[in-house]
Amino acid sequence: MGRIFGKFRFKFKYFVFAFMFSYVVICQSCVTMRMSLKETHHYFDPLKVPFVSKTVILDNYQMHYIETGDPQKPTLFFIHGSPGSWDAFKSYLTDTLLLRKYRMIAIDRPGFGNSNFGQAQNLATQAKIIEALINATDNHQPITLVGHSLGGPLAVKIATDKPTIIHHLVILSGAVDPNVETRELWRPILISKPLRYLIPGALRPSNDELWWLKADLFKMQPFLKNISCGVTIIHGTKDPLVPYSNVAFMKREFVNAKAIHVIAIENANHFIPWEHFKLIRDQLFALP
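Quick summary incoming for the structure in this document.

Reading guide: rules and limits
- Residue numbering note: each chain is counted from 1, following its sequence as written.
- For a predicted model such as this one, the threshold for reporting local features is a pLDDT of at least 70, and the threshold for listing and counting side-chain atom pairs is 80 or more; totals across whole chains, interfaces and linings nevertheless cover every residue.
- Each side-chain value is derived from all of the structure's non-hydrogen atoms; neither hydrogens nor water enter the calculation.
- Helix and strand definitions follow DSSP, with helices as H or I runs of at least four residues and strands as E runs of at least two, each counted in order from the N terminus.
- Relative accessibility decides the category of a residue: with a 1.4 Å probe and only protein chains considered, values under 20% of the type maximum give buried, values over 50% give exposed, and everything between is partly exposed.
- Axes here mean lines fitted to C-alpha atoms, for a helix over just the part in contact, with angles spanning 0 to 180 degrees between N-to-C directions.
- Each angle receives one of four descriptions, namely roughly parallel if under 35 degrees, roughly antiparallel if over 145, roughly perpendicular if within 65 to 115, and oblique otherwise.
- Two helices cross in a left-handed way if the nearer one is turned anticlockwise from the farther one by less than a right angle. They cross in a right-handed way if the turn is clockwise.
- When checking whether two residues touch, look at their non-hydrogen atoms; a contact exists if any pair is within 4.5 Å.
- Amino acid classes used here: Ala, Val, Leu, Ile, Met, Phe, Trp, Tyr, Cys and Pro are nonpolar; Asp, Glu, Lys and Arg are charged; the rest, including Gly, are polar.
- In what follows, salt bridge is the name for a side-chain nitrogen of Lys or Arg lying within 4 Å of a carboxyl oxygen of Asp or Glu.
- The rule for pairing is simple: two strands pair if DSSP sees at least two bridges between them.
- One less than the number of residues in a helix, times 1.5 Å, gives the span that helix is expected to have.
- Polar contacts, as used here, are pairs of N or O atoms within 3.5 Å; protein pairs need one atom able to donate a hydrogen and one able to accept it. Residues neighboring in sequence count only if both atoms are side-chain atoms.
- Throughout, right-handed denotes a crossover for which the path from the first strand over the helix to the second runs clockwise when the strands point away from the viewer.

1. Topic: the environment of threonine 125
Structurally, threonine 125 is set in helix H5 (residues 123–136). The partly exposed category is assigned to threonine 125, whose relative accessible area is 24%.

2. Considering the packing of H5 against helix H6 (residues 151–161)
Contact geometry for H5 and H6: axes closest at 9 Å, N-to-C directions at 70°. Here H5 is positioned roughly perpendicular relative to H6, judged by the angle of their axes. At the point where H5 passes H6, the crossing takes the right-handed sense. Facing H5, whose interface residues are Leu123, Ala124, Gln126, Ala127, Lys128, Ile130, Glu131 and Ile134, H6 presents Pro153, Leu154, Lys157, Ile158 and Asp161. Counted by class, the contact of H5 with H6 contains eight nonpolar, one polar and four charged residues.

3. With respect to the pattern of salt bridges
Per the counting criterion, the structure on display carries five salt bridges. The partner of glutamate 209 in a salt bridge is arginine 109, and the shortest N-O contact between them spans 2.8 Å. With glutamate 209 in helix H8 (residues 203–220) and arginine 109 in the loop between strand S4 (103–107) and H5, this residue pair connects regions lying 100 residues apart in the sequence. The exposure classification of glutamate 209 matches that of arginine 109, with both residues buried. A salt bridge links lysine 278 to aspartate 282; its shortest N-O distance comes to 3.0 Å. Taken together, the residues span about one helical turn, with lysine 278 and aspartate 282 both in helix H11 (residues 277–285) at a distance of four residues. Residues participating in the shared-partner salt-bridge network are Asp95, Lys278, Arg281 and Asp282.

4. Some thoughts on the sheet that holds strand S1 (residues 52–58)
In space, the eight strands of this open sheet follow the order S1-S2-S4-S3-S5-S6-S7-S8, with mixed pairing throughout. The open sheet has two edge strands with one neighbour each: S1 and strand S8 (259–265). Strand-to-strand twist in this sheet, taken as the mean axis angle between neighbours without regard to direction, amounts to 20°. Looking at chain direction, strand S7 (residues 230–236) and S8 are connected through seven bridges and run parallel. Looking at S8, one finds that glycine 236 is bridged to isoleucine 265. Sitting on the sheet, H5 is in contact with S1, strand S2 (61–69), strand S3 (75–79), S4 and strand S5 (143–148), with an inclination near 50° to S2. Lying over the sheet, H11 contacts S3, S5, strand S6 (168–172), S7 and S8, oriented at roughly 165° with respect to S8.

5. Here we look at H5
Between the first and last C-alpha of H5 there are 20 Å, a value that for 14 residues agrees with the 20 Å anticipated at 1.5 Å per step. All of the buried residues along H5 are Leu123, Gln126, Ala127, Ile129, Ile130, Glu131, Ala132, Leu133 and Ile134. The N-capping residue of H5, defined by a side-chain oxygen 3.4 Å from the backbone nitrogen of alanine 124, is asparagine 122.

6. Quick word on the pairing of S5
Within S5, six of the six residues are buried, leaving the element largely enclosed by the surrounding structure. A two-sided burial pattern is seen for S5, the buried positions comprising Ile143, Leu145 and Gly147 on one face and Thr144, Val146 and His148 on the other. Across five bridges, S3 lies against S5 in parallel orientation. Paired with threonine 75 across the two strands is isoleucine 143, which belongs to S5. The sheet contact formed by S5 and S6 spans five bridges and is parallel. Its bridge partner being in S6, leucine 145 is matched across the sheet by leucine 169. Regarding the hand of the β-α-β motif, the stretch spanning S5, H6 and S6 is right-handed.

Here it is in structure tokens:
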């Protein structure tokens with residue numbers, strides 16, 4: 001009986017080890033939240049919208065983006081939240097109304113999609129990399145940054161660094177106020193090894209950057225006065241992830257903005273780019 005029980009314990013330990021090893025391996029390829037080139041064609045081709053899928057190397061960083069529209073027109077430059085990839089804005093990239101007015105670029109942020117996937121960067125580093133991409137894709141036409149969620153403060157950071165090159169800012173559910181940003185105490189536990197390898201795919205760099213975000217926002221706050229372009233803020237009044245009070249903070253801190261236009265979507269949650277597509281699309285089309 002003892003020998004049978006001993007064999008069972010040995011087999012159970014082996015099973016647990018094999019399960020954990022398999023889980024860690026699978027984690028590396030799950031929840032990537034990115035589209036292959038074949039999947040990208042499957043989306044764009046039936047809509048008959050030509051697109052460019054391109055990866056460039058900027059200061060040793062790999063940056064991937066999708067571009068649609070007339071390359072000689074003003075640019076809408078989309079920056080997704082956390083986690084995510086360029087396809088968060090795929091409906092905008094194929095919208096016939098927006099295509100009449102803009103060239104559109106949607107990026108995979110550093111650490112996501114096909115831009116050095118898994119290698120998280122703080123707000124300042126991401127901004128520098130994206131600024132290099134903006135320079136590399138410059139067509140000498142006005143540039144509007146559109147940022148959702150964590151893409152919002154990233155767009156703001158770029159506008160504080162390069163105020164003369166940004167024509168307009170559109171901030172969708174943007175987390176900009178450091179005072180209301182919650183630092184969940186469980187995040188640093190999952191940043192440390194070996195536990196970080198238990199987090200699947202894009203959730204790993206997302207956990208890293210969300211833990212750093214509050215400190216990054218405090219560092220950015222003194223430079224918010226640098227923003228001199230027009231600003232459009234669109235935010236749901238019932239956003240459970242990024243409090244609506246961020247709107248008042250931005251109105252107070254953007255003291256040198258050319259103009260600030262606020263659209264409060266009553267009872268809306270955090271996912272307004274998809275649930276309120278038409279409203280946001282119309283606002284983008286109406287930008288000066």
